[in-house]
Amino acid sequence: MGRDVIVACDFASAQETFDFLDKFGGRKPFVKIGMELYYSQGPSIVKAIKDRGHKIFLDLKLHDIPNTVKKAMAVLSRLDVDMTNLHAGGGIEMMEAALEGLTRPDGTRPLLIAVTMLTSISQDVMANELGIGGELPDTVMKYAANAAKAGLDGVVCSPQEAQTVHSACGSGFLTVTPGVRFADGDKGDQKRVMTPAQANQIGSDYIVVGRPITAAADPVAAYERCMSEFVGGNV
Ligand code: C5P
């Protein structure tokens with residue numbers, strides 16, 4: 001599995017997304033479709049982007065009882081996405097059911113990645129609203145270990161967590177990391193960031209990059225810079 005840059009296409013409409021992707025000509029970046037685009041456009045947006053030749057990470061973060069998740073994953077798998085995800089908080093049985101649902105009749109399936117604890121959850125919220133004791137980083141690692149135990153392919157985590165996840169769950173367990181910014185770029189609302197080159201050095205498998213590419217004056221140049229820093233190891 002090679003390293004890759006996944007472009008977060010956080011656009012509100014199909015047209016905006018197509019206009020953005022048109023800029024890339026024959027270049028076909030790996031694209032992340034999130035809830036906003038999927039829920040506004042429906043499954044046809046996945047098919048349309050796939051037909052243009054892109055790999056797709058469908059970021060819908062499923063979380064329900066095992067049987068429901070299994071059936072929903074079977075539907076997403078038929079959309080021919082390359083990667084999708086769920087909340088590890090649904091438990092090991094739910095994650096195992098998701099894998100069953102995702103597996104196509106020919107034995108192939110999209111990569112399945114778990115979200116551990118959302119980065120919007122603080123230590124205080126975890127303890128006092130969710131009623132989960134202990135330290136937040138330990139919960140993140142516990143959820144990652146559960147995902148590995150269930151047979152999932154990896155987790156979404158901050159670049160800072162990638163090394164710990166690899167040492168606990170094995171180097172083949174994928175780390176998909178958002179929170180990436182160029183050294184000379186704007187951090188926006190992301191708090192803990194890393195450059196693509198740093199993400200390469202600490203062993204991230206995939207970086208998810210939105211605004212540094214989508215809001216750049218020249219998105220194609222920004223994407224190429226990201227690829228060169230992350231995949232090529234150049235700074
Ligand atoms: O624009 P930016 O590079 O911040 O976009 C990052 C993408 O990764 C967004 O689609 C965001 O929802 C997603 N993400 C994140 N932090 C997480 C999980 C997902 O930024 N912890």
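In this text the structure is predicted, and so the values were computed from the model without any measurement.

Definitions and limits used
- Residues numbered from 1 in each chain as written.
- Predicted model: local features only at pLDDT ≥ 70, side-chain atom pairs only at ≥ 80, totals over all residues.
- Heavy atoms only, no water.
- Helix = DSSP H or I, 4+ residues; strand = E, 2+ residues; numbered from the N terminus.
- Rg over C-alpha atoms; globule rule 2.2 N^0.38 Å.
- Buried < 20%, exposed > 50% of the residue type's maximum accessible area, 1.4 Å probe, protein only.
- Areas by Shrake-Rupley, 256 points an atom, 1.4 Å probe, with all protein chains shown as cover.
- Near = heavy atom within 4 Å.
- Polar contact = N/O pair within 3.5 Å; in protein donor to acceptor, adjacent residues only side chain to side chain.
- 1 Å grid on protein atoms, 1.4 Å probe; cavity = no way out; pocket = protein on both sides within 12 Å on 5 of 7 lines; lining within 4 Å.
- Sits in = over half its atoms within 2 Å of the grid points.
- Nonpolar A, V, L, I, M, F, W, Y, C, P; charged D, E, K, R; others polar.
- Pairing = 2+ DSSP bridges.
- Axes fitted to C-alpha atoms, helices over the stretch in contact; angles between N-to-C directions.
- Contact = heavy atoms within 4.5 Å.
- Salt bridge = Lys/Arg side-chain N within 4 Å of Asp/Glu carboxyl O.
- Phe/Tyr/Trp six-rings, centres within 6.5 Å; stacked < 30°, edge-to-face > 60°.
- Core = buried A, V, L, I, M, F, W, Y, C linked by side-chain atoms within 4.5 Å.
- Lys, Arg positive; Asp, Glu negative; His and termini not counted.

### A word on the overall build of the chain
Argument step 1. Check the secondary structure of the chain and you find 11 helices and 8 strands.
Argument step 2. The C-alpha atoms of the chain give 17 Å as radius of gyration, which agrees with the globular expectation for 235 residues (18 Å, within 12%).
Argument step 3. Along the first, second and third principal axes, the C-alpha set of the chain runs to 45 × 40 × 30 Å.
Argument step 4. Here the chain holds 235 residues, and the buried ones make up 50% of them.
Argument step 5. Carbon and sulfur atoms make up 51% of the accessible area of the chain, which totals about 10900 Å².

### Points about the site of the ligand
Argument step 1. Close to the ligand lie Ala8, Asp10, Lys32, Thr119, Pro178, Arg181, Gln190, Val208, Val209, Gly210, Arg211 and Pro212.
Argument step 2. In the environment of the ligand, an oxygen atom lies 2.8 Å from a nitrogen or oxygen atom belonging to the side chain of arginine 181.
Argument step 3. The separation between an oxygen atom of the ligand and a polar side-chain atom of arginine 211 is 2.7 Å.
Argument step 4. For the ligand, whose free accessible area comes to 460 Å², the fraction covered by protein is 78%.
Argument step 5. Under a 2 Å grid-point criterion requiring more than half of the atoms, the pocket assigned to the ligand is the largest pocket.
Argument step 6. Its residues assigned to classes, the shell around the ligand comprises 5 nonpolar, 3 polar and 4 charged.

### Structural notes on the sheet that holds strand β2 (residues 30-33)
Argument step 1. Pairing within the closed barrel is parallel, and its 8 strands lie in the order β1-β2-β3-β4-β5-β6-β7-β8. The mean inter-strand angle of the sheet, taken between neighbouring strand axes irrespective of direction, is 25 degrees.
Argument step 2. Alignment of strand β1 (residues 4-8) against strand β8 (residues 206-209), held across 4 bridges, turns out to be parallel. If you follow aspartate 4 over to β8, its bridge partner there is tyrosine 206.
Argument step 3. Here helix α11 (residues 219-230) sits on the sheet and contacts β1 and β8; the angle it forms with β1, its principal contact strand, is near 145 degrees.

### Considerations on the pattern of salt bridges
Argument step 1. All told, the structure shown has 12 salt bridges when counted by the stated rule.
Argument step 2. Ionic pairing is found between aspartate 82 and lysine 50, a salt bridge with its closest N-O pair at 2.7 Å. Highlighted residues: aspartate 82 in the loop between α4 (66-78) and β4 (83-87) and lysine 50 in helix α3 (residues 44-51), separated in sequence by 32 residues.
Argument step 3. Residue aspartate 82 is classed as partly exposed on the basis of its relative accessible area, which comes to 22%.
Argument step 4. When salt bridges that share partners are traced, they join Lys32, Asp59 and Lys61 into one network.

### Observations concerning the packing of aromatic side chains
Argument step 1. Summed over the entire model, instances satisfying the criterion amount to 5 aromatic pairs.
Argument step 2. Ring geometry for phenylalanine 11 and phenylalanine 20: centres 5.1 Å apart, planes at 50 degrees, overall tilted.
Argument step 3. Between tyrosine 38 and tyrosine 39 the ring centres are 6.0 Å apart and the planes differ by 70 degrees, which places this aromatic pair in the edge-to-face class.
Argument step 4. For tyrosine 39, a relative accessible area of 58% translates into the label exposed.

### As for the nonpolar core
Argument step 1. Core analysis: the largest hydrophobic core is formed by 65 residues, its most contacted members being Leu86 and Ile213.
Argument step 2. The biggest single contributor to this core is helix α7 (residues 136-150), with 7 residues.
Argument step 3. Sequence-distant contacts of leucine 86, that is, excluding residues within four places in its chain, are made with Lys61, Leu62, Met73, Met94, Met95, Ala98, Leu112, Ile113, Ala114, Val115 and Leu152.

### A word on the side chain of aspartate 4
Argument step 1. Here aspartate 4 lies in strand β1.
Argument step 2. We note that aspartate 4 is buried and unpaired, the nearest opposite charge coming from lysine 55 at a distance of 5.3 Å.
Argument step 3. Sequence-distant contacts of aspartate 4, defined by excluding residues within four places in its chain, comprise Phe30, Asp205, Tyr206, Ile207, Tyr223, Met227, Phe230 and Val231.

Treat this as a map of the structure, not an account of what it does.
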